[in-house]
Amino acid sequence: MIFARKFKTAAGIFAACLGGAALFLFFGNNALAQTNLVSNPSLETEVNGLPQDWFKGRWGTNTAIFTYPVAGTDGSKAAKVELTSRTSGDAKWYFKEVAAGGGKTYKFSNSYMSSIPSVLTARYKMSDGTYKYADLANLSASSGWKTGSAEFTAPAGTAGISIFHLINQVGSLTVDNYNLSEVVSAPSDPNNKVANPSLEIAGSSSSPQDWFKGRWGTNTAVFTYPTAGFDGSKAAKVELTSRTSGDAKWYFKEVAVTPGKTYRFTNYSMSDALSYLTVQYRTKSGSLFYRDLATVPASSAWKKSEVDFKIPDEVASLTIFHLIKEVGGLTVDKYDLREVASSPAPSGLVSLNFDDGWITTYQNALPILNAAGLKSTQYISSGRFDFSTYVNIDQMLDMQAKGHEIGSHTKTHANLTILSTEEMRDEIIGSKEDLLAAGVNSVTTFAYPFGAYNESVVAVVEEAGYKGARRTQDGFNDSGSNRFLLNRFSVESDTAFAEAKGWIDSAMSNGTWAVIVFHRVDYSGTRYATTPEVLQQIVDYLKEKNARVVTMDEGMDIVF
C-alpha cells in the first residue's frame with residue numbers, strides 16, 4: 001500500500017501493514033539475498049559527530065533528541081532518537097538513499113531497542129524526483145536488542161530507497177546493524193520448462209515476469225499479484241465476482257515441447273470454487289486447440305495437483321491454464337512442467353465394457369467371457385432391475401461373483417445435463433447407493449448415459465467418490481488422459497471384427513488403454529447390438545495376442 005503522506009496513526013499504520021499487498025514477513029525458500037546496499041550499516045564510521053552516510057529526520061510538532069554514538073549490538077556504536085513531547089509527526093535516523101528498481105523485491109532488517117512501538121517505513125524516490133512512502137511493519141517495544149524485518153516489492157518507477165525506522169509517540173528508539181538487499185530467485189531447475197515458476201520475479205502491469213492474465217466470456221475478473229505464496233513470498237490470485245459465461249486464469253509464457261513425449265505438470269493452489277487444468281496447444285502452423293487435463297476440488301489449504309499427459313502430433317508449444325469458471329477465488333503458485341519417461345499402460349491394456357445391464361449380456365456375453373477367463377465391467381442402471389429386458393439384482397450379483405466389475409450408469413439412464421441439480425445428484429450419487437445396498441462390494445467407476453456431461457456433472461461424479469468416468473468420445477487413454485473423461489470405442493451393429501482388431505493392435509503396440517464398449521449381445525439388429533459371434537471373435541483375438549484385459553477399476557489403478 002503506497003502512501004502520499006509521511007505518517008499514519010499507530011492504528012492506521014498497523015492496519016496498513018496487515019493489508020498492504022507488498023508486505024511479507026518471511027523469506028522464501030527459493031530466494032537468495034544479495035549484497036547489503038546500506039553504506040556504513042553498523043554506524044561504526046563517524047564523521048563530524050555523526051555516522052557517515054546517515055541523517056537525522058523529523059517532521060511535525062514534536063521535540064526530538066538525537067544521540068550518537070550510543071552502545072551498539074554488533075560494534076561500539078549505535079544511534080538513538082527520543083521524542084520527549086509530540087502533537088504530530090515522527091522522528092528517525094535514516095541511511096543515505098540507495099539505487100533501486102521498480103518491480104524488484106528487497107529484504108530489510110535491523111537491530112533495535114525501544115520503549116514504545118515503532119514503525120518501518122520505506123521512502124521511495126521515483127524516477128520523476130517525487131517521493132512515495134509505504135509502511136512495511138509495525139514493531140513492538142523491546143527492552144533488549146531485537147530484529148525488525150520486512151520483505152517488499154518496490155513500485156514501478158522507483159529509482160532509490162531509504163528505510164525509516166521511526167517513532168511517532170513519546171519514547172525512545174535505538175537502532176543498529178542495518179541490512180537492505182535485493183532478493184532474487186535461486187538458480188532455476190533446468191528441467192522445469194516454466195519460467196519464473198514460483199512467480200517470485202515481478203514483471204510489469206502488476207503481473208509476475210513471463211506470466212499473463214487471461215479472461216473470456218461474460219464475467220468480472222479481479223487479478224491480484226503479489227499475494228502470499230506457498231513456497232516463497234509471492235503467488236497470484238484470480239477471482240470471479242460475477243459470471244454468466246467464460247473463465248479467468250493466470251498462465252505462464254508458452255514453452256516448446258516435443259510431440260509424442262510425456263510431460264508431467266504440477267502446481268499448488270487454494271480456492272473456494274471448483275477449478276480446472278486445461279492445456280492450450282499451439283501447432284507448428286500456429287493454430288490453437290485445447291484439452292482438459294483435470295478438475296481440482298475447492299480447498300482452503302494449499303493443494304498439490306499433478307497430471308501426466310502425452311503431446312499430440314504437430315504440437316510445437318503449450319501453456320497450461322489453471323482456471324475458474326464460477327464465482328469464487330483461486331490462488332496459484334509453484335508451477336512445474338517437465339518431460340518424464342512415458343508411463344503407458346504396460347504392453348497396452350484392453351477393457352471390455354457392457355452398458356445398461358441388458359439381459360442378453362448376461363445370457364450371451366457372460367458365458368463367452370467366463371469361458372475365456374476374461375473379466376468385464378458391467379455398467380448398470382439401478383432403476384431397471386424390475387424390467388424383463390435387463391438383469392435383476394440376483395443376476396447382477398452373479399456377474400460380480402464371477403469376477404466382473406459392477407459400475408454405475410445412473411438410476412434411469414438419464415441425460416444428466418438437462419436435469420435439475422438435485423435430480424442430477426440423485427442419479428449419480430443415488431445409483432451408487434442403490435448398487436451398494438443391493439450387495440455390490442464397491443462401485444468405483446461411472447459411465448455417462450448418452451456420453452452427456454458438463455462441468456457440473458463431472459464435479460458431482462468426482463464428489464461422489466468415483467475413481468473415474470467414461471464418456472462416448474472415440475480414442476485411447478494413457479496417463480495423460482482426464483480420468484473423469486475417459487475415451488472408448490463402441491461396438492455397434494455395423495462394427496466389423498477387423499475394426500475392433502485394429503483398436504487392440506494399436507493399444508498393444510503403443511502402450512495405451514483401449515476401452516471397448518458393447519450394449520446388447522443378440523441378434524436384434526438394433527444400432528447398439530452386436531452378435532455373439534463378433535464378441536467371440538474379439539475374445540478369441542484377445543486370447544491369441546495374450547492381451548492384458550482389465551476391468552475399469554483395475555485400469556484406473558494401473559494407468560493413473
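Residues numbered from 1 in each chain as written. Predicted model: local features only at pLDDT ≥ 70, side-chain atom pairs only at ≥ 80, totals over all residues. Heavy atoms only, no water.

## Observations regarding the domain arrangement of the chain
Where interface size is quoted, it is often the accessible area lost as the parts come together. The cut-off we apply is this: The source of the domain bounds is an automatic or database domain assignment. Here the quantity called buried area is the accessible surface, traced with a 1.4 Å probe, that two parts lose on coming together, added over both. Only one rule defines a salt bridge in this text: a Lys or Arg side-chain nitrogen within 4 Å of an Asp or Glu carboxyl oxygen. Counting of polar contacts relies on pairs of N or O atoms within 3.5 Å, with two restrictions inside protein: one atom must be capable of donating a hydrogen and the other of accepting it, and residues adjacent in sequence are counted only when both atoms are side-chain atoms.
When its domains are assigned, the chain resolves into domain 1 (46–182), domain 2 (211–340) and domain 3 (349–559). For the pair domain 2 and domain 3, the summed buried area comes to about 860 Å², and 42% of that belongs to carbon and sulfur atoms. Contact with domain 3 buries surface across domain 2, with T295, D308 and K310 losing the most and accounting together for 41% of the total. There are 1 salt bridge connecting domain 2 and domain 3. The salt bridge partner of K325 is E455, with a shortest N-O separation of 3.4 Å. Counting the contacts that link domain 2 with domain 3 gives 3 residue pairs in polar contact (both at pLDDT 80 or more).

## Concerning the environment of K77
Condition: Strands are runs of DSSP state E lasting at least 2 residues, helices are runs of H or I lasting at least 4, and numbering of each runs from the N terminus. Residue burial is assigned from relative accessible area. The probe radius is 1.4 Å, only protein chains are included, and a residue is buried under 20% of its type maximum, exposed over 50%, and partly exposed in between. Only heavy atoms enter the contact rule, under which two residues are in contact if any of them lie within 4.5 Å.
Secondary-structure assignment places K77 in the loop between β5 (62–70) and β6 (78–86). Assessed through its relative accessible area of 17%, K77 is described here as buried. A C-alpha to C-alpha distance of 24 Å links K77 and Q169, two positions 92 residues apart in sequence. For K77, the residues in contact, after removing those within four places along its chain, are S42, L43, E44, E46, Y68, P69, V70, G72 and D176. Polar side-chain contacts of K77 include one of 3.3 Å to the side chain of E46.

## Digging into the environment of R548
Relative to the assigned elements, R548 resides in strand β35 (residues 548–549). Judged by its relative accessible area of 40%, R548 is partly exposed. Taking the C-alpha atoms as reference points, R548 and L43, separated by 505 residues in sequence, lie 76 Å from one another.

## Observations concerning the nonpolar core
For soluble globular proteins, nonpolar side chains are generally found buried alongside one another. Note the threshold: Definition used in this section: a nonpolar core is a set of buried Ala, Val, Leu, Ile, Met, Phe, Trp, Tyr and Cys residues joined via side-chain atoms within 4.5 Å.
Ranked by size, the top nonpolar core spans 34 residues in total, and within it F95, F108, Y124, F152, I161, I163 and L180 carry the most contacts. Looking at this core, the elements with two or more residues in it are β6, β7 (90–95), β9 (105–114), β10 (118–126), β11 (131–139), β12 (142–153), β13 (158–167) and β14 (171–185). Among residues more than four places away in sequence, those in contact with F108 are F95, L120, G148, S149, A150, F152, I163, Y178, N179 and L180. If you look at the next biggest cluster of nonpolar residues, it comprises 32 residues, including F252, V255, F265 and Y335.

## Describing the packing of helix α2 (residues 359–372) against helix α3 (residues 393–401)
In a packed pair of helices, the relevant descriptors are the angle between the two axes and the axis-to-axis distance. Threshold: Axis geometry follows a simple rule: fit a line to the C-alpha atoms, using only the stretch in contact for helices, then measure angles between N-to-C directions, giving values from 0 to 180 degrees. By convention, the crossing between two helices is left-handed when the near helix turns anticlockwise from the far helix through less than a right angle, and right-handed when the turn is clockwise. Ten residues, namely Ala, Val, Leu, Ile, Met, Phe, Trp, Tyr, Cys and Pro, are considered nonpolar, four, namely Asp, Glu, Lys and Arg, are considered charged, and the remaining ones, Gly among them, are considered polar.
Relative orientation of the contacting elements α2 and α3 amounts to 35°, with a least axis distance of 10 Å. Viewed along their axes, α2 and α3 form a crossing whose handedness is left-handed. Contact residues: α2 offers I359, Y362 and L366, while α3 offers Q395, D398 and M399. Broken down by class, the residue content of the contact of α2 with α3 amounts to 4 nonpolar, 1 polar and 1 charged.

## Notes on the packing of aromatic side chains
Condition: Stacked, tilted and edge-to-face are the three classes assigned to paired rings of Phe, Tyr and Trp, where Trp is represented by its six-membered ring and a pair needs centres within 6.5 Å; plane angles under 30 degrees give stacked, over 60 edge-to-face, the rest tilted.
Scanning all chains against the criterion turns up 32 aromatic pairs. Seen in terms of ring centroids, Y290 and F321 are 6.2 Å apart; in terms of plane orientation they differ by 35°. Their pairing is tilted. Of this pair, Y290 sits in strand β22 (residues 288–296) while F321 sits in strand β24 (residues 315–324), and the two are 31 residues apart along the sequence. By relative accessible area, Y290 is classed as partly exposed at 45%. For F321, a relative accessible area of 7% corresponds to the buried category. With 4.8 Å between their ring centres and 15° between their planes, F354 and F518 make a pair best called stacked. In this pair, F354 sits in strand β26 (residues 349–356) while F518 sits in strand β32 (residues 513–518), placing the two residues 164 residues apart along the sequence. You can call F518 buried: its relative accessible area is 0%. Linked through ring pairs, W54, F95, F108 and Y178 together constitute an aromatic cluster.

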